[in-house]
Amino acid sequence: MKVRLGKKDALIIVDVQKDFCPGGALPVPQGDKVVEPLNRYIHLFSRHGSLVIATRDWHPENHSSFEEYGGIWPKHCIQNTEGAEFHDDLKLPEDVIIISKATEADKEAYSGFEGTNLEKILKGHGVRRVYVGGLATDYCVKATVLDALRLGFCVFLLLDGICGVNINPEDSERAIAEMLEKGAAGIILDELKGG
Ligand code: VGL
Ligand code: ZN
């Protein structure tokens, strides 16, 4: 499928943060592999004047998702720490819109739409189609894609720009299947044309 990038299209880069990359607190195996392809998408969208959005997991130190506070994850992406920074090689444009999520201790939010103004921002810019990539396929990417579909956006999943945790070996495959079943269209960079 060939897709022509339009003005009302937005790129959503999910949680490409140091803690989710090898060496971080909650590493996605080979999570840093998404950086290069996502940089190409960023370049294309920027060149077209299309919106680039980056979400980040942005937890207080005592977040309820941490094992220490009854959750299931090791401490990760704590606000204003190095682990919460975007990957050093991710080339976000100057006018990137950053969406911080799961910022309250007692609320988990895998989706970039949950407890944020992402929907408002997109609708305010007249965005109809979103292209979603980043980390992790089986958690925050999946939740963001499913919310976008529910909210009525046309959603493209960047198959060459996602990577999963795979606590169970097939979690990512299953997540991708679910996103596609529910209406997302899988796409790779070669299928996306500027213009
Ligand atoms: C994520 C686990 C915990 C993610 C965030 O970004 O996919 N996963 N917090
Ligand atoms: Zn988290």
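Please refer to the structure higher up on the page.
Residues numbered from 1 in each chain as written. Chains lettered and ligands numbered in written order. Predicted model: local features only at pLDDT ≥ 70, side-chain atom pairs only at ≥ 80, totals over all residues. Heavy atoms only, no water.

## Section: the coordination of the zinc ion (ligand 2)
As a reminder, the rule being used: Metal donors were taken as nitrogen, oxygen and sulfur atoms no farther than 2.8 Å from the ion, or 3.2 Å where the ion is Na, K or Ca. Water is excluded, so coordination may look unfinished. The geometry test gives tetrahedral to four donors whose angles all lie between 85 and 135 degrees, gives square planar to four donors and octahedral to six donors whose opposite members are over 155 degrees apart with all other angles between 65 and 115, and gives irregular to the rest. The helix and strand labels rest on DSSP assignments: H or I over at least four residues marks a helix, E over at least two residues marks a strand, and numbering proceeds from the N terminus. The classification of residues rests on relative accessible area computed with a 1.4 Å probe and restricted to protein chains. Under 20% of the type maximum is buried, over 50% is exposed, and intermediate values are partly exposed.
Coordination of the zinc ion (ligand 2) by the protein comes from Asp 57 (OD), His 59 (NE2) and His 76 (NE2), over a distance range of 2.0 to 2.2 Å. Taken together, the 4 donor atoms coordinating the zinc ion (ligand 2) and their angles of 86 to 169 degrees define a geometry best described as irregular. Between consecutive donor residues of the zinc ion (ligand 2), the sequence gaps follow D-x1-H-x16-H. Of this pair, His 59 sits in the loop between strand S3 (51–57) and strand S4 (97–101) while His 76 sits in the loop between S3 and S4, placing them 17 residues apart in sequence. Neither residue differs from the other here; His 59 and His 76 are each classed as buried.

## Overview of the site of ligand 1
Heads up, the condition is: Near, as used in this document, describes a residue that has one of its heavy atoms within 4 Å of the molecule or strand being considered. Polar contacts, as used here, are pairs of N or O atoms within 3.5 Å; protein pairs need one atom able to donate a hydrogen and one able to accept it. Residues neighboring in sequence count only if both atoms are side-chain atoms. Only Asp, Glu, Lys and Arg are considered charged, only Ala, Val, Leu, Ile, Met, Phe, Trp, Tyr, Cys and Pro nonpolar, and every remaining residue, Gly among them, polar.
Around ligand 1, the structure places Asp 15, Phe 20, Leu 26, Asp 57, Trp 73, His 76, Tyr 110, Leu 135, Ala 136, Tyr 139 and Cys 140. In the environment of ligand 1, an oxygen atom lies 2.6 Å from a nitrogen or oxygen atom belonging to the side chain of Asp 15. Within the backbone of Ala 136, a nitrogen or oxygen atom sits 3.1 Å from an oxygen atom of ligand 1. Class assignment for the residues of the shell around ligand 1 results in 8 nonpolar, 1 polar and 2 charged.

## Description of unusual backbone geometry
In terms of backbone geometry, most residues other than glycine have negative phi values and most peptide bonds are trans. Of note, the bond from Leu 135 into Ala 136 is cis; its omega dihedral lies within 30 degrees of zero at -15 degrees. One can find Ala 136 in the loop between strand S5 (129–135) and helix H3 (137–150). A positive phi is found at Asn 80, a non-glycine position, where the angle reads about 65 degrees. As for its position among the elements, Asn 80 is in the loop between S3 and S4. What makes Asn 80 exposed here is its relative accessible area of 67%. Despite not being glycine, Asn 166 shows a phi value in the positive range, around 55 degrees. With respect to the helices and strands, the residue Asn 166 is situated in the loop between strand S6 (154–163) and helix H4 (171–181). Note on Asn 166: relative accessible area 29%, which makes it partly exposed.

## Comments concerning the nonpolar core
Inclusion rule: For our purposes a nonpolar core is just a set of buried Ala, Val, Leu, Ile, Met, Phe, Trp, Tyr and Cys residues, chained together by side-chain atoms within 4.5 Å. Only heavy atoms enter the contact rule, under which two residues are in contact if any of them lie within 4.5 Å.
In this structure, Leu 11, Tyr 131, Leu 135 and Leu 192 are the most contacted members of the largest nonpolar core, which totals 34 residues. Those elements that place two or more of their residues in this core are strand S2 (9–14), helix H1 (35–47), S3, S5 and S6. At 6 residues, the largest contribution of residues to this core is made by H1. Sequence-distant contacts of Leu 135, defined by excluding residues within four places in its chain, comprise Val 14, Asp 15, Val 16, Phe 20, Cys 21, Val 28, Gly 31, Val 34, Cys 140, Val 141 and Cys 163. Ala 10, Leu 122, Leu 146 and Phe 153 belong to the second largest nonpolar core, which has 27 residues in total.

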